[in-house]
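Structure assessment
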Amino acid sequence: MSRVAWQLATVKSIKQETPHVKSFTLSLPNWTPHLAGQHYDLRLTAEGGYQAERSYSIASPPEQTGEIELTVEIIADGEVSGYLNEGVAVGDELEVRGPIGGYFVWPGEASAPPLLLVGGGSGVVPLMAMLRHRQRLGLRTPAVLLFSVRTPEEVIYQAELEALAKDDPSFTLLLDYTRQAPPGWAGYHRRIDAAMLAEVVSRFGDAQPQAFACGPTGLVESVANGLQAAGLQAESILTERFGPTGS
Amino acid sequence: MGFFTNKGFQPKRQSNHKLPPGQYETTDFPVLTAGPTPRINLTNWEFRLEGLVEEPVQWSWEEFNKLPMQDFNPDIHCVTKWSKFDTHWRGVSVDTLLEHVKLKPEAQFVTEFSYGGYTTNVPLADLRDGKAFVGLLYDGQPLAAEHGGPARLVVPHLYFWKSAKWVQGLRFTAQDEPGFWERGGYSMYGDPWKEQRYRDDDDDQASASSIRL
């Protein structure tokens, strides 16, 4: 059986992460270890044969064997995400294939440079897989997550990220609320800009971090440009852009 | 798994166009790139034809813009599942470029190479006979950097990663040499109508491995 053949996964659990984001844990008959940052393709088939496919980043670490967690943003009127939101329950079957993608990945080597993760909205999903993988490996590779959301209710994985930041002094969580911040918020409260990125890069001192940026195209464009302006080499910046796909 | 259906799943997206399998129509122009967008200075820009040619040739930006141009209105299909119909480009056909070189007979494949280090591979035949062009204008405007400007190779009958952004030239080769995404497990050929997204989808896999044995 080929590595990326379609297989029938079973929905093991569903978690509402935020008002518009759900995580689906799927049990796979042919699970293979993935790299943190990779994705699966998911395919829906209607009576009559019509099919729709989308790609979703894996949120779970490869240490979580036999299953994958896919975190899905529910797009208004989305063909696939709308069905996943309304039409799928625990015990249902879904066709998936993967893992896919060999570029936007963090293998988790102990010798790896520090990690600078920048996520916008559901762009945090592959970055979460990297942080979970790092934690499961017990690595203390310095890591910073700059996570940009519009409002406090949109912070995916909030409790887990805050617990990780509390328990692991080598991990720093920087939340950025672009529209509405929680009461008394003293952190970032604007769109990510060059000055913010320069501040974040300066946290690494002389070390050149490996940067991963994932989110909407506009955010990733400005992050990639801003990180270069802050002194990072283009080779140290990996990007994954979610265009306006309306899925 | 041909009999599997998702209970209650109904198509929501209607398209007036014929879509390749697994694709949906978008009217946006999404962006997919692995790293930062290169900023290319037009005074240093050049386009080269090299590799298995009798005499390599290169053009400056000014020279390239004097080549005969045509309008192209292709449908494009991205491996990330979107398709965009009837796009409007102006540029130089690869056939026009090939009039300026004499290819060696063993030239069968092409590596498209780009500013920023991107590469992708295609059979030479897939760039000839009006099948591919170097796009300079999109919707009448200079092609934006995030979409591959100042110049992008466009090979619309293959998945869009075969259309190298920020293209710098074509290198003619005897063998099919995998490029950037192809080395990462994506299809060597990338026919959207056969849904050749990944290497495992290529129909020559069985024969290729038996040849290696």
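On a predicted model such as this, the values are computed, not experimentally measured, just so you know.

1. What about the pairing of strand S8 (residues 109–114) of chain B?
Residue and element names in this part refer to chain B.
- For S8, a buried count of six out of six residues is recorded, marking the element as mostly surrounded by other parts of the structure.
- The two faces of S8 match: Phe109, Thr111 and Phe113 on one face and Val110, Glu112 and Ser114 on the other face are all buried.
- Pairing of S8 with strand S9 (residues 119–123) involves five bridges; the strand directions are antiparallel. When the sheet's bridge partners are listed, Phe109 is paired in S9 with Pro123.
- Between the antiparallel neighbours S8 and S9 lie four residues, among them Gly116 with a positive phi of about 95 degrees.
- When S8 meets strand S13 (residues 167–173), the two strands line up antiparallel, connected through six bridges. In the strand pairing of S13, Glu112 is matched with Leu170.

2. Notes on helix H1 (residues 79–87) of chain A
Residues and elements named next belong to chain A.
- Here H1 has its buried residues at Val80, Ser81, Tyr83 and Leu84. The arc that holds every buried residue of H1, seen down its axis, measures 160 degrees, which confines them to one face.
- At its buried positions, H1 is contacted by strand S2 (21–27), strand S3 (39–45), strand S4 (51–57) and strand S5 (67–73).

3. Considerations on the packing of helix H4 (residues 194–202) of chain A against helix H5 (residues 217–229) of chain A
Residue and element names in this part refer to chain A.
- Two numbers describe how H4 lies on H5: the axes approach to 9 Å, and their chain directions differ by 55 degrees. The angle between H4 and H5 falls in the class oblique. Considering how the two elements wind past one another, H4 and H5 form a crossing that is right-handed. Contacts from Ala194, Leu197 and Val201 in H4 reach Val223, Gly226, Leu227 and Ala229 in H5.
- Across the contact of H4 with H5, the residue classes break down as six nonpolar, one polar and no charged.

4. Looking at the domain arrangement of chain A
All names here are of chain A.
- As far as domains go, chain A holds domain 1 (7–100) and domain 2 (115–242).
- Between domain 1 and domain 2, the C-alpha centre-to-centre distance is 24 Å.
- Domain 1 puts 15 residues into the contact, and the matching count from domain 2 is 13 residues.
- For the side of domain 1 that touches domain 2, the per-class residue count stands at seven nonpolar, five polar and three charged.

5. Considering the sheet that holds S9(B)
All names here are of chain B.
- A sheet is described by the order of its strands in space; here five strands give the open sequence S3-S2-S13-S8-S9, paired in mixed fashion. Of all the strands in the sheet, just strand S3 (57–60) and S9 have a single pairing partner and so form its edges. For this sheet, the mean inter-axis angle between neighbouring strands, taken without regard to orientation, is 15 degrees.

6. Things to note about the sheet that holds S4(A)
Residue and element names in this part refer to chain A.
- Overall, antiparallel pairing links the six strands, which are arranged S4-S3-S6-S1-S2-S5 in an open sheet. For this open sheet the edge positions go to S4 and S5, each flanked by a neighbour on one side alone. Along the sheet, successive strands turn relative to each other by an average axial angle of 40 degrees, direction set aside.
- Here four bridges tie strand S1 (residues 7–18) to strand S6 (residues 93–100), and the two strands are oriented antiparallel to one another. By the bridge assignment for S6, Thr10 is matched with Glu93.

So, how was this worked out
Residues numbered from 1 in each chain as written. Chains lettered and ligands numbered in written order. Predicted model: local features only at pLDDT ≥ 70, side-chain atom pairs only at ≥ 80, totals over all residues. Buried ≥ 20, exposed ≤ 12 C-beta atoms within 10 Å, placed from the backbone. Helix = DSSP H or I, 4+ residues; strand = E, 2+ residues; numbered from the N terminus. Pairing = 2+ DSSP bridges. Arc of directions from axis to C-beta. Contact = placed C-beta atoms within 7 Å. Axes fitted to C-alpha atoms, helices over the stretch in contact; angles between N-to-C directions. Parallel < 35°, antiparallel > 145°, perpendicular 65-115°, else oblique. Left-handed = near helix turned anticlockwise from the far one by under 90°. Nonpolar A, V, L, I, M, F, W, Y, C, P; charged D, E, K, R; others polar. Domains from an automatic or database assignment.

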